[in-house]
Amino acid sequence: MFYFLTRPITNANLVLIAAAVIPAIFLMVKVYKSDRLEKESPGMLLRLVTAGILSSLLALVEERIAETLLNFVLDSSMLLYNIILYFVIVAGAEESSKYLFLKRRTWNSPEFNCRYDGVVYAVFVSLGFALWENISYVITYGFSTALVRAVTAIPGHACFGVFMGIFYSMAKQFDYRGNKAASKLLRLFSFLFPALLHGTYDFIATLESQQGSWYFVLFVGILFLTSFLLVSKTAKKDKYINR
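The following refers to the structure shown. (Residues numbered from 1 in each chain as written. Predicted model: local features only at pLDDT ≥ 70, side-chain atom pairs only at ≥ 80, totals over all residues. Heavy atoms only, no water.)

Applying the stated criterion to the full structure yields two salt bridges. Among the salt bridges present, the one from Lys98 reaches Glu95, with a minimum N-O distance of 3.0 Å. One end of the pair is Lys98 and the other is Glu95, both in helix H3 (residues 79–106) and three residues apart, which spans about a single turn. The exposure class assigned to Lys98 is buried, which follows from its relative accessible area of 0%. Note that Lys180 and Asp175 form a salt bridge whose closest N and O atoms lie 2.9 Å from each other. Residue classification places Lys180 among the partly exposed residues on the basis of a relative accessible area of 45%. Residue Asp175 is classed as buried on the basis of its relative accessible area of 18%. (Salt bridge = Lys/Arg side-chain N within 4 Å of Asp/Glu carboxyl O. Helix = DSSP H or I, 4+ residues; strand = E, 2+ residues; numbered from the N terminus. Buried < 20%, exposed > 50% of the residue type's maximum accessible area, 1.4 Å probe, protein only.)

With that out of the way, let us pick up a nonpolar patch on the surface. Among the surface-exposed residues, Val61, Ile65, Leu69, Phe72 and Val73 lie close enough to one another that they form a single nonpolar patch of about 570 Å² accessible area. Here Val73 shows up in helix H2 (residues 42–73). You can call Val73 exposed: its relative accessible area is 64%. (Patch = residues over 30% accessible without salt bridge, like charges linked within 9 Å, V, L, I, M, F, W, Y side chains within 5 Å. Areas by Shrake-Rupley, 256 points an atom, 1.4 Å probe, with all protein chains shown as cover.)

In this structure the tally under the stated criterion is eleven aromatic pairs. Pairing Trp107 with Phe112 gives two aromatic rings, centres 6.3 Å apart and planes at 75 degrees, and the pair type is edge-to-face. Neither residue differs from the other here; Trp107 and Phe112 are each classed as buried. Ring centres of Phe160 and Tyr201 lie 6.0 Å apart, and the angle between their planes is 85 degrees; on these two criteria the pair is classed as edge-to-face. Here the residue Phe160 occupies a position in helix H6 (residues 153–176), and Tyr201 occupies one in helix H7 (residues 180–205), the gap between them amounting to 41 residues. For the pair formed by Phe160 and Tyr201, the shared burial category is buried. Here the aromatic cluster, defined as three or more aromatic residues joined through ring pairs, consists of Tyr99, Trp107, Phe112, Tyr121 and Tyr168. Just above the ring of Phe129 sits the side chain of Lys98; from NZ or CZ to the centre is 5.0 Å. For Arg177, the ring lying beneath its charged end belongs to Phe174, and the centroid distance is 5.6 Å. (Phe/Tyr/Trp six-rings, centres within 6.5 Å; stacked < 30°, edge-to-face > 60°. Lys NZ or Arg CZ within 6 Å of the ring centre and 35° of its normal.)

As a further point, take the environment of Phe203. Position of Phe203 among the secondary structure elements: in helix H7. What makes Phe203 buried here is its relative accessible area of 19%. Expressed as a C-alpha distance, the spacing of Phe203 and Ile83, which sit 120 residues apart in the sequence, is 7.2 Å. Excluding its chain neighbours within four sequence positions, the residues that come into contact with Phe203 are Leu79, Asn82, Ile83, Tyr86 and Phe87. (Contact = heavy atoms within 4.5 Å.)

Listed below in structure tokens is the structure:
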């Protein structure tokens, strides 16, 4: 996935890298500008993007090991193989690694004091992940891949981050109120729900049929619209957690 790091940096590669990075940056700016109470510090945002990049490296290792083991147990032509691959291995590894770095970077931060903060944090980690992943794909497969991923995979990661952030902020609220059990349950949801969406996204995207393509378009459309509405609603109704 990351063999592109050994390739020489040429003008063509710089153009491809720009094409891979710009969509993620655009979405980061969009989410950041929607924060109406207290905007997060540049240092925090940089740490979140870095966390997303690190989470992609961790997920890659986990996926390689788990997929190797899966190949010993099941044939790749089986439906069960694809279900386990996309829902458990890929989605599980990627969303859990994002959540791990998200929590380590933000849970105890004094900056985490508003409901919308969780959305900003999770989306920035997710887009840091997507940004790094996208560079590898674009350098490997070319500009056409950049165009496709700019309207599918990168917004997809942002949407998974939105749902993660919604549950994550709710968990922080319950933690502040002293309800540790509810907080832990919501933190679990902040991983499981994005993983379910991620697995569904990948599984439908690999269906090799015309009908599968329409399912994918429908799923992505609903996912993007729902995430946009959630971001808008959460930003408008943002409140301080500790008041």
